[in-house]
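Each chain, written out:
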Amino acid sequence: MSKIFGFSGNDDFCPRGSIYSNPKEQSLFLSRGNHVDVYFPSRKRSRVEAPFIFTEERFEQKKQTSIDVLPDECLFEVFRRLPDGEERSACASVSKRWLMLLSNIRKDELHLKAEKENNEKKGEDEEVESDGYLSRSLEGKKATDVRLAAIAVGTACRGGLGKLSIRGSNAVCGVTNLGLKAIAHGCPSLKVLSLWNMTSVGDEGLCEIADGCPLLEKLDLCQCPAISDKALLAIAKKCPNLTELTIESCSNIGNESLKAVAQSCPNLKCITIKNCSLVGDQGIASLLSSTSYILTKLKLQALNITDVSLAVIGHYGKAITDLVLNGLPTVSERGFWVMGNGHGLQKLKSLTIASCQGVTDAGLEAVGKGCPNLKHCCLRKCAFVSDNGLVTFAKAAGSLENLQVEECHRFTQFGFFGVLLNCGAKLKAISLVYCLGMKDLNVGLPVFSPCQSLRSLSIRNCPGFGNANLAALGKLCPQLEHVEFSGLEGITDTGFLPLLESFEGGLSKVNLSGCVNLTDKVVSSMAEQHGLTLEILNLEGCKKISDVSLVSIAENCSVLSDLDVSKCTITDFGIVALARANFLSLQILSVSGCSLISEKSLPAFAKIGRTLLGLNLQQCKLISSRTVDRLVEALWRCDILS
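All of these numbers come straight from a predicted model, not from anything done at the bench.

A few points about helix H12 (residues 307-316)
Taken as a whole, H12 has its buried residues at Ser309, Leu310, Val312, Ile313 and Gly314. Where H12 is buried, its residues contact helix H11 (281-290), strand S9 (297-301), strand S10 (322-326) and helix H13 (333-341).

So, in C-alpha cells, the structure goes:
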C-alpha cells in the first residue's frame, strides 16, 4: 500500500511494466469513461475475442472482408454479368445501394451472352422480357424513387413494364428525375406513362424516358410545372409511336412542342390540352394542319385561344370524330360559325360544348349543318343558346341520336317539345339537367306525328317540369323504354298515371328518385302494366311509397334485377313480401335509410339473398351490427353495405 500512496507518476503503475511497447498505442485499448479514475489490469490473462487480436506488442482490430468495399464501378461490372433477371432481382433486395446500381443498367449494357445461354438452358424465349404487358401504379406516399427503381428491376424478368401511373408524391422522399431515370434504363418496353402532380420531376427525367422508352404510345402529364417544351421535344423526336397525348396544367409547355409532336408523330390520334397558359392559336394551328388526316379526338379546355383556332379545326379536322370545347372565354360567335361552315368536320360524331359564352343560336345552327354525321351532342352552361337555336340545330343535324342539355336556362318547354317535333328519325335519347327555364304550362301542340325513334328520356332537377308537360310528353313519345324523372317535385299521380298508359312498348328502366309526391298507385300501376319488362326501378326518396308497392312488385315484376327503395316508408312486411315472390330474382337491393326495417327481416333477407350480389342496409337503425355479421356469413356471395 505504501507503494500505491507513494506513486509519483514516473514509474509504471503495473508491477510487470506497461503492456504497450509504444505509449501512443494505449488509445487502442478500451477507452476509460469520465467516471473512471484509475484502471487496474487483471493479474489473470485477458481473453479478447474478434474483432480484436491481443498481443504483448500491440492490440489490432481485424478488418472484415466485404463486397461492399468495392467501388460502384466494380459492382456495376459484376451486376451486368449476372446470368438472368432473377439473379438481378435477388441482388436488388440486398441493399438500397445495390438496387440503385442495378436500376441504372440499361438493357444494351447487360452481358447478354450469359443471359442467352441461361435462357437456352431453361428453354425460354429471350424476347418474352420485352413484351411489356405488366402494369404498375403508385399513389401518394408510395410514390418514391426507391419504389420506381424496384419496379424497373423487378418487372424486367416478369414480362416487362408496359404501363406506369404515378399520382401524387411522397412529401419527404418523392419521385424525382432519378426515379424516372431508373424506369428509362430498366423498362424499354414502356408504352403508357401517366404523371400527375409531379412537382419534382423536370425535363431531365422525361428526356431520359424519351431516350430509354422508344415504344411509348400514350403520355399523360398533369400538374407538372417543371416540365417544359424541351422535354416534349425529346419525346416527339424519339417516340414516333406516340398515339395519345394529354397535357393539363403544365405552365411551361407551349406552342413549339405541340408543333414538333404533330410533325414527328405520324400516328397521333388523340390530344387533350387543358389549362396551359402558353398554348395559343399558333400551337393549335400547327397541330391541326400537320395531323389533318389522322387526328380523331381533340379536347381543348381553359385555353387562351381565339376564333382562329376554331376556324382551323373547322377546316383541317377532316378525321376528327370526337371534339370537346370547354371553357374558352375568348372564342366568339364568329368562331363557331366559321367552324361549322368550314366543311371539314364531315366525320364528327360526338360534340361537347361547355362554358363557352361565344356559342349562340347562329353558331349552333352552322355547326349542325356542317356536321352531317353528328350523333351525340352535349351543351353545358351555354348561356346564350335559346329554344330557337336548339330547334334549328335539331333540324339541321339529321343524324343526331343523343342530345344532352345541361344548365342552359334559356331553354324552355317550348324548345323541348320543338326539338321532339323537328328532330330527325334517328333521335333515340334526350337528357335535360337543371334547366331553370322549364315551366309547367299547357303547350298547344299542332297536328304532328309522334317521335317513334325516342327510347330514352331523362329530366333531372328541372323544378318547373310538372304534370302539364307529362300530358304532352305521353302523346309525343309512345316508344319510351328508359325514363328518368329525378328530383321533380311537381310530378304527381295525376300526371304520371296517364303517361304510363301512353307507352306502347314496355318500360325496362325507371328512375323516380326524389319525386316525393308520387304514391303507391303509380308503382302498382307500373308493376301491373310493365312488370314483364321492368328490369331496374329506383324509388329513392319517394317518402309516400310503402309496403303496398313492394307487394305489387313481388307479384308482377318477374325480371326485375335492381330495386332501390331507400328512404321510403318500408317495413318488415314489405321485405317479407319480396321474399315470398315466386319468380323474383333480385341482384341489387337497397333499403338504405328505411328506419322501420328491423331484425325481424333477417330470414327474409337470407331468402332474397340467394340471388343477391349487392345489399345496402346503411342507416337502418333497427338492424344491429351482430345481425349484419350473421347476414355476411350467410350471404357470402353478396356485398353488404351497413
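Considering the confidence of the model for the protein
Confidence in the prediction for the protein averages 85 pLDDT; 82% of positions are at 70 or higher. For the stretch residues 23-44, pLDDT sits under 50, and the model shows 15 contacts to residues farther than four places along the chain or on other chains. Below a pLDDT of 50 lies the segment residues 121-130, which in the model reaches 17 contacts outside its immediate sequence neighbourhood of four places, other chains included.

So, the packing of aromatic side chains
Enumeration over the complete set of coordinates arrives at four aromatic pairs. Ring centres of Phe416 and Phe465 lie 6.3 Å apart, and the angle between their planes is 80°; on these two criteria the pair is classed as edge-to-face. Placement of the pair is Phe416 in helix H16 (residues 413-422) and Phe465 in the loop between strand S15 (456-460) and helix H17 (467-476), with a sequence separation of 49 residues. In this pair, the class of Phe416 matches that of Phe465, namely buried. Members of the aromatic cluster, joined through ring pairs, are Phe416, Phe417, Phe465, Phe485 and Phe496. The side chain of Arg167 reaches across the aromatic face of Trp196, ending 3.8 Å from its centre.

Brief notes about the nonpolar core
Soluble, globular proteins show a tendency: their nonpolar side chains are buried together. Phe416, Phe485 and Phe496 are the most contacted members of the largest nonpolar core, which totals 174 residues. Discounting residues that sit within four places of it in the chain, Phe485 has contacts with Leu457, Ile459, Leu470, Leu473, Ile491, Phe496, Leu499, Asn511, Leu512, Ser513 and Cys515.

Some thoughts on the pattern of salt bridges
Going through the model one piece at a time under the given rule, you end up with six salt bridges. Ionic pairing is found between Asp211 and Lys238, a salt bridge with its closest N-O pair at 2.2 Å. With Asp211 in helix H8 (residues 203-212) and Lys238 in helix H9 (residues 229-238), this pair connects stretches of sequence that are 27 residues apart. In this structure, Arg380 and Glu406 form a salt bridge, with 3.0 Å as the shortest nitrogen-oxygen distance. You can see Arg380 sitting in strand S12 (residues 376-380) and its partner Glu406 sitting in strand S13 (residues 402-406), a full 26 residues away along the chain.

Considerations on the state of the cysteines
According to the stated counting rule, one finds zero disulfides in the structure shown. Counting only cysteine sulfurs, Cys187 is the nearest neighbor of Cys213, a cysteine outside any disulfide, at a range of 6.7 Å. The thiol sulfur of Cys477 is not disulfide-bonded, and the nearest other cysteine sulfur, from Cys451, lies at 5.7 Å. Cys477 gets classed as buried once you look at its relative accessible area, which sits at 0%.

About the criteria used
- Residues numbered from 1 in each chain as written.
- Predicted model: local features only at pLDDT ≥ 70, side-chain atom pairs only at ≥ 80, totals over all residues.
- Heavy atoms only, no water.
- Buried < 20%, exposed > 50% of the residue type's maximum accessible area, 1.4 Å probe, protein only.
- Helix = DSSP H or I, 4+ residues; strand = E, 2+ residues; numbered from the N terminus.
- Contact = heavy atoms within 4.5 Å.
- pLDDT = per-residue confidence, 0-100.
- Phe/Tyr/Trp six-rings, centres within 6.5 Å; stacked < 30°, edge-to-face > 60°.
- Lys NZ or Arg CZ within 6 Å of the ring centre and 35° of its normal.
- Core = buried A, V, L, I, M, F, W, Y, C linked by side-chain atoms within 4.5 Å.
- Salt bridge = Lys/Arg side-chain N within 4 Å of Asp/Glu carboxyl O.
- Disulfide = S-S within 2.5 Å.

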